[in-house]
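# An overview of the molecular structure
What follows is the residue order along each chain.
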Amino acid sequence: MRGLLLGWRQRTPRDPQRQVARRAARRDNRRVIRRRALPLLALAAPAFAQAPAESRIGAIFPASSLLGDEALRGLELAVEERGRPTRLVRAEAGDAAQVLVEARRLVQAERCMLLFGSGNVTSALAAIQAVDALEVPFVELVATAEVLLERQSRWLLRPGPRAADFGAVAAGALMRVLPGWLGQPTEALRIALLHEASPSPASLAEACEARLREAGLTVLERLTHAPRTAEMPALVQRLRTAGTSALLHAGSEADAAALLRALAEASWRPPVIMGLGSAWGLAELARATGIEGSFVLDVPPVATAEALAPGARPFAELYQRRWGAAPRAGLSLAAYSGARTVLAAPSEKLALRQALGNVDQPEGTLPNGWGWRLDERGQNLRAQPVLSQWQAGRPVAVWPEAAAFAPISPP
């Protein structure tokens, strides 16, 4: 046996040259396999690159309020239309402390790459404070106050109008449209402002007063009242005694209804009543005494000229199918319009801000008639409020002419 083994070893000696040749052959085979596989991998690469990962988006709204819930509905419809896997994570926050807590939770625990909100100035300021620390974009869909821009946050985006825009449209309407409608010269108007003593209504009233005085219009005074005040009859009497011919009011829907009720009880009303902000455009006010013929200065309503806002009617139909009722205010259409634009941008946070800063769309592009052009502070410069009037139980746009759904009804 030992001899046989020795003989076998002697008959199969190791050949160094053959081993080198075999290793070279194996290397050549591997190269061929790689060359043949590369085209297949190239074809497969786009499929992997386009495979969408779930995007998480946070929503911080006081959903217990009608206005907060209406804005949230517009955002939900925009998210559902996005076309790639997106999860909307909702958070209820009614004050600044809750906003701070919920913003951190949404970003750190829920891994949201973008936040929407918020409902009012105080909540929006808290949200900006949070995102500045967390370094994620925050889209303010509702609040209009100028103070939000003063923070100079590189993470803030505001698709909707500023309080200053409200002031400009109010001054334009009271100078160029409403005097002729009343059959009076502009100099005969005696304007008073009344607003709830809280940040959001105060910012609108202050901006309007500044522009009205700048335009040379007669502003009698600016009065404040507490939320759900019982002093509305006394305030109405004061306005009557002053000879008010145009009253601008900013407050909640409850305060708007209380003001109209106090005017009816006094058997007096100024020729022009103009509500500032979305509360005056809520469908719930249709039952308020004396609402017919009153004006609303706010975001475009659903009843806006189709030539300017071609997406308003399709949005209303989409809303009706989703919730079984018509939109309660133009606020949901505004939130939907702004959110759609933001959600069409890249989802990576820095790329999103840069991409949205490069968008240049004329007015009439967004579903509600707005355009898109951000300034260096993240403010959309092509989002203008419009003047609407309550006609046949709903607000319809009446000015500017491009937005007019119907002419102004007789005084």
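Residues numbered from 1 in each chain as written. Predicted model: local features only at pLDDT ≥ 70, side-chain atom pairs only at ≥ 80, totals over all residues. Heavy atoms only, no water.

### Examining the overall build of the chain
This is how it is decided: Working definition: helices are DSSP H or I runs of at least four residues, strands are E runs of at least two. Numbering for both runs from the N terminus. We call two residues in contact whenever any of their non-hydrogen atoms come within 4.5 Å of each other. In short, Shrake-Rupley with a 1.4 Å probe defines the accessible areas, and a residue's cover is counted only from the protein chains shown.
The secondary structure content of the chain amounts to 14 helices and twelve strands. For the chain, the share of sequence-separated contacts (at least 6 apart) that also reach a separation of at least 24 residues comes to 65%. Only carbon and sulfur atoms are counted for the fraction: they give 53% of the accessible area of the chain, which is about 19,400 Å².

### So, the sheet that holds strand E1 (residues 55–61)
So the rule is basically this: A pair of strands is considered paired only if DSSP assigns at least 2 bridges between the two. Lines fitted to C-alpha atoms define the axes, with helix axes restricted to the stretch in contact, and inter-axis angles between N-to-C directions lie between 0 and 180 degrees.
The five strands are arranged E2-E1-E3-E4-E5 in an open sheet whose pairing can be described as parallel. Both edges of this open sheet fall to strand E2 (86–92) and strand E5 (156–157), since each of them pairs with a single strand only. As defined by bridge partners, strand E4 (residues 138–140) adjoins E5 across two bridges and the pair is classed as parallel. From the neighbouring strand, Val139 faces E5, where its bridge partner is Leu157. Helix-sheet contacts for helix H5 (residues 121–134) involve strand E3 (114–117), E4 and E5, and the interaxial angle to E4 is about 165°.

### Things to note about unusual backbone geometry
Geometrically, the link from Gly117 to Ser118 is a cis peptide bond, its omega value of -5° lying close to zero. For Ser118, the location among the structural elements is in the loop between E3 and H5. The step from Trp399 to Pro400 runs through a cis peptide bond, and the omega angle for that step is 5°. Locating Pro400 in the fold gives a position in the segment after strand E12 (394–399). In the Ramachandran plot, Gln152 falls in the positive-phi region, its phi being about 50° despite a non-glycine side chain. Position of Gln152 relative to the elements: it lies in the loop between helix H6 (147–150) and E5.

### With respect to the sheet that holds strand E10 (residues 295–298)
The mixed open sheet is built from seven strands, whose spatial order is E7-E6-E8-E9-E10-E11-E12. One side of each edge strand has no neighbouring strand; the edge strands of this open sheet are strand E7 (219–225) and E12. Across the sheet, the axes of successive neighbouring strands diverge by a mean angle of 25°, strand direction being ignored. Of the strand pairs in this sheet, E10 and strand E11 (residues 386–391) are connected by four bridges, and their pairing is antiparallel. Along E11, the bridge assignment pairs Phe295 with Gln389. This element, helix H10 (residues 232–241), spans strand E6 (191–196), E7 and strand E8 (246–250) of the sheet and lies at about 175° to E7.

### Digging into the nonpolar core
Here is a general trend for soluble globular proteins: nonpolar side chains tend to be buried in one another's company. Quick note on the threshold: To define a nonpolar core, start from buried Ala, Val, Leu, Ile, Met, Phe, Trp, Tyr and Cys residues and group those joined through side-chain atoms within 4.5 Å. Any residue under 20% of the maximum accessible area for its type is buried, any over 50% is exposed, and the rest in between are partly exposed; the area is computed with a 1.4 Å probe on protein chains only.
Among the nonpolar cores identified, the biggest contains 40 residues, and Phe61, Leu75, Leu114, Phe116, Val342 and Leu356 are the most heavily contacted of them. Listing elements by their share of this core, those giving two or more residues are E1, helix H3 (66–80), E3, helix H12 (312–323), helix H13 (330–343) and helix H14 (349–358). Dropping the residues within four chain positions of it, Leu356 is found in contact with Leu157, Thr341, Val342, Ala345, Trp372 and Leu374. Among the nonpolar cores identified, the runner-up in size contains 36 residues, and Ala170, Ile191, Met274 and Leu297 belong to it.

### Let's talk about the pairing of E10
Residues Phe295 and Leu297 of E10 are buried on one face, and the alternating residues Val296 and Asp298, pointing to the opposite face, are buried as well. For strand E9 (residues 272–276) and E10, the ladder comprises three bridges, and the chain directions are parallel. Each residue of the ladder has a partner; that of Leu276, found in E10, is Leu297.

### Focus: the confidence of the model for the chain
The criterion, for reference: Each residue carries a pLDDT score, the predictor's confidence in it, ranging from 0 to 100.
Counting all residues, the mean pLDDT for the chain is 89, and 87% of those residues have values of 70 or more. Low pLDDT, under 50, characterises residues 1–13; the predicted model gives this stretch zero contacts beyond four residues in sequence or across chains. With pLDDT under 50 throughout, residues 29–52 is counted as low confidence; its partners more than four residues away or in other chains account for two contacts.

### Looking at helix H4 (residues 96–109)
Here is the rule we go by: Helix span, expected: 1.5 Å multiplied by one less than the number of residues in the helix. Throughout this description, a polar contact denotes any pair of N or O atoms lying within 3.5 Å of each other; where both atoms belong to protein, one of them has to be capable of donating a hydrogen while the other can accept it, and for residues adjacent in sequence the pair is counted only when both atoms sit in side chains.
Spanning 14 residues, H4 covers 19 Å between terminal C-alpha atoms, matching the ideal 20 Å at 1.5 Å per step. Within H4 the residues assigned to the buried category are Val99, Leu100, Glu102, Ala103, Leu106 and Val107. Buried residues along H4 sit in contact with E1, E2, E3 and H5. Between the side-chain oxygen of the N-cap and the backbone nitrogen of Ala97 there are 3.2 Å, and the N-cap of H4 in question is Asp95. Looking one or two residues past H4, Arg111 carries a phi angle of roughly 60°, positive in sign.

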